[in-house]
Amino acid sequence: MAALPKRIIKETERLSKEPVPGISAVPHDDNLRYFDVTIDGPAQSPYEGTLLPPFGGVFKLELFLPDDYPMTPPKVRFLTKIYHPNIDRLGRICLDVLKSNWSPALQIRTILLSIQALLGAPNPDDPLANDVAQQWKEDQNQAIATAKEWTEKFAKA
Amino acid sequence: MSSPEPIPPPNDRRSSRASSAGMDTADGILPVGGPPNDPSPLQIRASNSLNSKNRRSTIAKQPPDLHLLEYVSQPDSNLVCLICHSPFDRPVQLFCGHFFCRECLDHAWCAQQEGRKTCPTCRSRVDPEKDVRPVPKIIETMLDELVVKCPNAKSGCGWVEQRVNVNDHVMLYCEYTLVECAQHDCRLHISQKEFHKGCLHYTVSCEDCHTSMMKKDLEDHQRTACANRSTNCLHCDASLLRLDLKTHIKDACGKVITPCQGTIVGCTFTAERAQTNLHEKSCPMATMAPHFRDQQARIERNEARLEPLTRKVGILEDGLSSITNMLYPANDSASTFPVTNPWIPTSPTPSPSNLVPTPTSASRPPRSHPYPKTHRSPFTNPSHPFDSQVHHLLTLHESLRDEVNRIANALTDLEGRTNMMVMNESQRTKDDMLHTNAAINGMRHQLHWLISATLQQRNSTRTAANAASGSTSGARQGGSAARQGPSAGFHAPLRRLSDSTRQDTKL
Ligand SMILES: [Zn+2]
Ligand SMILES: [Zn+2]
Ligand SMILES: [Zn+2]
Ligand SMILES: [Zn+2]
Ligand SMILES: [Zn+2]
Ligand SMILES: [Zn+2]
Ligand SMILES: [Zn+2]
């Protein structure tokens, strides 16, 4: 295996030394480019956990740094089922900075913060999961209720 | 791999070739080491590294990669490139005011879509011709003054200086920089300080410890690692084998600072070992120490032994509680189940020992009833152990098993009895048949006797008739008389005969 670029080593170190509140990213022992990520649903969103047990509201993701990272964006995917207009059934995320708007000046922590922000501000006009976005536009209250229900059901701590 | 690319020393025989291509050629193709079809290990290594494209051709003259340097102190975050996260290496400034390493920027643009070049930080469009400028002088100075370690620090170079000098150091002065071996057909590397010794890439054996290694490593081994070489103690200057150095420092060296043995009891005396030894003779705590150490060791041993036991107890408790849960779930509705307890007739107040039925409960009284009696438990308390369906089923199962056993026993018994009866019966039949046979034999004898008697009579009658030459009627009368004769005239012998046969049967 080619040596891990110094930048990835530095990012990993910083993620463990100065973790972002509500976000964790831990590399696999056998592949330091593959991270197990958890993101807490933001407060006042349907993805928020409860104050009392069983809490919940914790979403699991996987993150992979391709060989030419940071020149190409990391690949991120939700592993926990989530009802969100910009996240499809396979957990793929529709987020500009993960695609065309990627910049090598971004990093793992900024990307994960963007994903957390996306949970707080769904954007049904730029959908990935078409049916979810449709329901979101037609009856927002019902959609939010469904999102809450899914959070309770799937996003266990 | 933080070691730098090898640099040929000024006296390298290839330097003439290199200088003919120009020392500062950035992209001239220089054949380095070996025939063109046979890439040198250097080239292979270079093609594996991150920015291989830039390096493969000028590998032998490439200065150390500043991105891989180790900085002595954390550099100011304003001097760190957002792309490589290291202090800038030959930085440039975009018109928007953002700084990047030249190389990092080129890589980023290389990966971007065709013709679209933007600032990685603010995404404003960049015209590479006009918008890329040199950085202010002060930035360059600050970068130059960052203190770094020599990239060969791991091989033993202790050079630590400003970054601006690292290039010269590695290229010209560092003795640990690897270069290609002087021997033409040897493609291995050797540190610059040993280059003049010729090829050292052959295996030798250390004459002191008989470990085999390459010649180039031998000196280093003998100086720093060989266990059978003598060395000097850093503390007392005594000369001894490296092998013994550790134990010397730990137990014997008079100059090593050691605490009084009594520290474990509270003595705070600490001095060179020689003085400590003197002190210990008078220190009461030092005399107590061995005893305490013994106790300590014993306590530790016991704790070590206790730990697995605690774990085992935990496991057993878990198992017990899960068994209890399985048998008696704390379920109020369970109390409404009819509960079977075959043991209740003998023990109306069951003790915990017979809550769990065992197959070997021989003390149970025999019952003629083929099925266990079903009771409604007299204990209506919902927490009572019998108020459980599982327990109900278990006891039911147990009593059914007993019933089956009993039935099997009864069957065996019955079979035996039947066999006995059949045997007795057949014996009796056999006896009867013997009697019958005997009777038949007697009758046969009697018949025989009668027949012979009749024949005798007839013969005598015929002789008498012949002698008297009587009439035929007389003969017919005699015949009838003779025919009557045996029944009347020989009555006694017949009686006797039958008597004897009867006696025979009676025996
Ligand atoms: Zn850079
Ligand atoms: Zn900019
Ligand atoms: Zn050096
Ligand atoms: Zn050699
Ligand atoms: Zn040796
Ligand atoms: Zn010593
Ligand atoms: Zn003492």
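Nothing here was measured: the structure is a model prediction, and the numbers come from that model.

A. Quick look at the pairing of strand E1 (residues 23-27) of chain A. Residues and elements named next belong to chain A. Inspection of the sheet shows E1 paired to strand E2 (residues 34-40) by 5 bridges, in the antiparallel sense. From the neighbouring strand, Ile23 faces E2, where its bridge partner is Ile39. Counted along the chain from E1 to the antiparallel partner E2, the turn is 6 residues long.

B. The arrangement of the coordination of the zinc ion (ligand 6) in detail. All names here are of chain B. Taken together, the protein ligands of the zinc ion (ligand 6) are Cys233 (SG), Cys236 (SG), His248 (NE2) and Cys253 (SG), with distances of 2.0 to 2.3 Å. Taken together, the 4 donor atoms coordinating the zinc ion (ligand 6) span angles of 103 to 114° at the metal, a pattern that classifies the geometry as tetrahedral. One chain supplies every donor to the zinc ion (ligand 6), and in sequence these donors are spaced C-x2-C-x11-H-x4-C. Taken together, the residues Cys233 in the loop between strand E10 (230-232) and strand E11 (239-241) and Cys253 in the loop between helix H8 (242-252) and strand E12 (257-259) connect sequence positions 20 residues apart.

C. Focus on the coordination of the zinc ion (ligand 1). Residues and elements named next belong to chain B. On the protein side, the zinc ion (ligand 1) has Cys81 (SG), Cys84 (SG), Cys101 (SG) and Cys104 (SG) as donor atoms, found 2.1 to 2.4 Å from it. Coordination at the zinc ion (ligand 1) is tetrahedral: its 4 donor atoms span angles of 103 to 114° at the metal. Considered as a linear motif, the donors of the zinc ion (ligand 1) on their single chain read C-x2-C-x16-C-x2-C. Within this pair, whereas Cys81 is found in the loop between helix H3 (52-55) and strand E1 (91-94), its partner Cys104 is found in helix H4 (residues 102-111), the two being separated by 23 residues in sequence.

D. Representation of the pattern of salt bridges within the structure. Per the stated rule, a full pass over the model turns up 18 salt bridges over all chains. Residue A:Arg92 is joined to A:Asp88 by a salt bridge in which the shortest nitrogen-to-oxygen separation is 2.7 Å. Of the residues examined, A:Arg92 reaches a relative accessible area of 44% and is grouped as partly exposed. A salt bridge links B:Arg229 to B:Glu207, with the nearest nitrogen and oxygen atoms 3.9 Å apart. Taken together, the residues B:Arg229 in the loop between helix H7 (215-225) and E10 and B:Glu207 in the loop between strand E8 (203-205) and strand E9 (212-214) connect sequence positions 22 residues apart. Note on B:Arg229: relative accessible area 28%, which makes it partly exposed. Through salt bridges with shared partners, a single network forms among B:Asp89, B:Arg90 and B:Glu103.

E. Representation of the UniProt feature "active site" (unreviewed entry) in chain A. The positions that UniProt labels "active site" (unreviewed entry) are, in the present scheme, A:Cys94. By relative accessible area, A:Cys94 is classed as buried at 16%.

F. Here's a closer look at the interface of chain A and chain B. Each side of the interface is counted separately: chain A has 16 residues, and chain B has 17 residues. In total, about 1300 Å² of surface goes out of reach between chain A and chain B, with carbon and sulfur atoms giving 55% of it. On the chain A side of the interface with chain B, the three residues burying the most area are A:Lys6, A:Met71 and A:Ala105, jointly 38% of the side's total. Linking chain A to chain B there are 0 salt bridges. Counting the contacts that link chain A with chain B gives 8 residue pairs in polar contact (both at pLDDT 80 or more). When the residues that make up the side of chain A that touches chain B are grouped by side-chain class, the tally is 8 nonpolar, 4 polar and 4 charged.

G. Region of the structure containing the pairing of strand E4 (residues 75-78) of chain A. All names here are of chain A. Here E4 shows one buried face, formed by Val76 and Phe78, and one open face, formed by Lys75 and Arg77. By the bridge criterion, 4 bridges tie strand E3 (residues 58-64) to E4 in an arrangement that is antiparallel. The residue bridging Leu63 from the neighbouring strand is Val76, located in E4.

H. Spatial organisation of the sheet that holds strand E2 (residues 99-101) of chain B. All names here are of chain B. Taken together, the 3 strands give an open sheet; going across it, the order is E2-E1-E3, and neighbouring strands pair in antiparallel fashion. Only two strands of the sheet have a single neighbouring strand rather than two, namely E2 and strand E3 (132-134). Averaged over all pairs of adjacent strands, the angle between their axes in this sheet comes to 45°, without regard to strand direction. Pairing analysis gives 3 bridges linking E1 to E3, with the strands arranged antiparallel. Bridged to Leu94 within E3 is Val132. Strands in contact with H4 are E1, E2 and E3; relative to E2, the strand with the most contacts, it is inclined by about 90°.

Reading guide: rules and limits
Residues numbered from 1 in each chain as written. Chains lettered and ligands numbered in written order. Predicted model: local features only at pLDDT ≥ 70, side-chain atom pairs only at ≥ 80, totals over all residues. Heavy atoms only, no water. Pairing = 2+ DSSP bridges. Helix = DSSP H or I, 4+ residues; strand = E, 2+ residues; numbered from the N terminus. Donors = N, O, S within 2.8 Å, 3.2 Å for Na, K, Ca; no water. Tetrahedral: all angles 85-135°; square planar, octahedral: opposite > 155°, others 65-115°. Salt bridge = Lys/Arg side-chain N within 4 Å of Asp/Glu carboxyl O. Buried < 20%, exposed > 50% of the residue type's maximum accessible area, 1.4 Å probe, protein only. UniProt positions renumbered as here; feature names shortened; annotations may be inferred. Contact = heavy atoms within 4.5 Å. Buried area = accessible area lost by both parts, 1.4 Å probe. Polar contact = N/O pair within 3.5 Å; in protein donor to acceptor, adjacent residues only side chain to side chain. Nonpolar A, V, L, I, M, F, W, Y, C, P; charged D, E, K, R; others polar. Axes fitted to C-alpha atoms, helices over the stretch in contact; angles between N-to-C directions.

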